[in-house]
Amino acid sequence: RCNIMKKHLLALSAAAVLLAPNAVGAEGFSINEWSAEGFGMGGARMFAENDAANMAYNPASLTKIKGEVAKISATYISPHGKYKVEGGMADMYKDNPSAPPTQGNNRIHPAWAPGMYYVRQINDKEWFGMGTWSRFGMVSQFERNSIPGSNSFSAKMNGITLGANYTRKLDKKWTGSLGAEVNYVGLQLDKNLAVPVIPPGGTMPVGLARTPLHLEGETYALGWNAAANYEFDEK
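Residues numbered from 1 in each chain as written. Predicted model: local features only at pLDDT ≥ 70, side-chain atom pairs only at ≥ 80, totals over all residues. Heavy atoms only, no water.

1. Here's the deal with the overall build of the protein
Then step 1. Summing up its helical and strand segments, the protein has four helices and nine strands in all.
Then step 2. Within the protein, buried positions represent 30% of all 235 residues.
Then step 3. The contacts in the protein between residues at least 6 apart in sequence include a share of 64% that link residues at least 24 apart.
Then step 4. Element-wise, carbon and sulfur atoms account for 61% of the exposed surface of the protein, whose accessible area totals about 15600 Å². (Helix = DSSP H or I, 4+ residues; strand = E, 2+ residues; numbered from the N terminus. Buried < 20%, exposed > 50% of the residue type's maximum accessible area, 1.4 Å probe, protein only. Contact = heavy atoms within 4.5 Å. Areas by Shrake-Rupley, 256 points an atom, 1.4 Å probe, with all protein chains shown as cover.)

Put into structure tokens, the structure is as follows:
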């Protein structure tokens, strides 16, 4: 019974580790398509042999690379979404034939998630890797006169990461890696700003007018990462 319990505990622990990245990226801004091959394999690249994209998945597994490896990858992303407004504004507009629709689709804007990687084995115990990929990104657009568009009819966030890692084999089972990253994020936001309409000579607003508001911003940040990898056995 003790052995069975240990096996169940090990299986649950492994499942928790595998599910953790998906939970972190649930807010929708996180991009995990760092490699077309990795995406096709459902992200199971932590133990991939001779795959330079391990720079993004787990740089401590760069010890799986023999010699010198380079990789260029691109993943096509085309998100689709629908909306349905209920209550509130939907009830307000239900008897108005000229009101904006209460349901529809977001405007589809496909994009490419790039990845470029280079890894070199220095000796039997040391590796060096560098690469560029996207950690964050989003495009969300609605028709300007739609109900969702009254808040934000266009939001675009682009991100790019440039990273470099030093990886070392500590013993037959353990490997460790330290690295530095430069992250860039740019944001463009378009929304309809509600402005009170006051007639000439009046003091009280008689309604609201919508005027477009455009915002742009960008930022750079320097960070670091540490990774470890433990190989139980060849299987």
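2. Observations regarding the side chain of D51
Then step 1. Note that D51 resides in the loop between helix 2 (36–40) and helix 3 (54–57).
Then step 2. Under the relative-accessibility criterion, D51 is labelled buried at 3%.
Then step 3. In this structure D51 touches E37, R45, I65 and K71, once residues within four positions along its chain are discounted.

3. Describing unusual backbone geometry
Then step 1. One non-glycine residue, N50, lies in the positive phi region at around 55°.
Then step 2. Within the secondary structure, N50 sits in the loop between helix 2 and helix 3.

4. Let's talk about a nonpolar patch on the surface
Then step 1. Taken together, the side chains of I122, F128, M130 and Y166 present a nonpolar region at the surface, about 350 Å² in accessible area.
Then step 2. Considering the arrangement of structural elements, one finds F128 in strand 5 (residues 126–133). (Patch = residues over 30% accessible without salt bridge, like charges linked within 9 Å, V, L, I, M, F, W, Y side chains within 5 Å. Salt bridge = Lys/Arg side-chain N within 4 Å of Asp/Glu carboxyl O.)

5. Topic: the pairing of strand 7 (residues 154–169)
Then step 1. Note: strand 5 against strand 7, eight bridges, orientation antiparallel. Residue pairing across strands places M130 opposite A164, the latter belonging to strand 7.
Then step 2. Where strand 6 (residues 137–141) meets strand 7, five bridges bridge the pair, whose relative direction is antiparallel. In the strand pairing of strand 7, V139 is matched with K156. (Pairing = 2+ DSSP bridges.)

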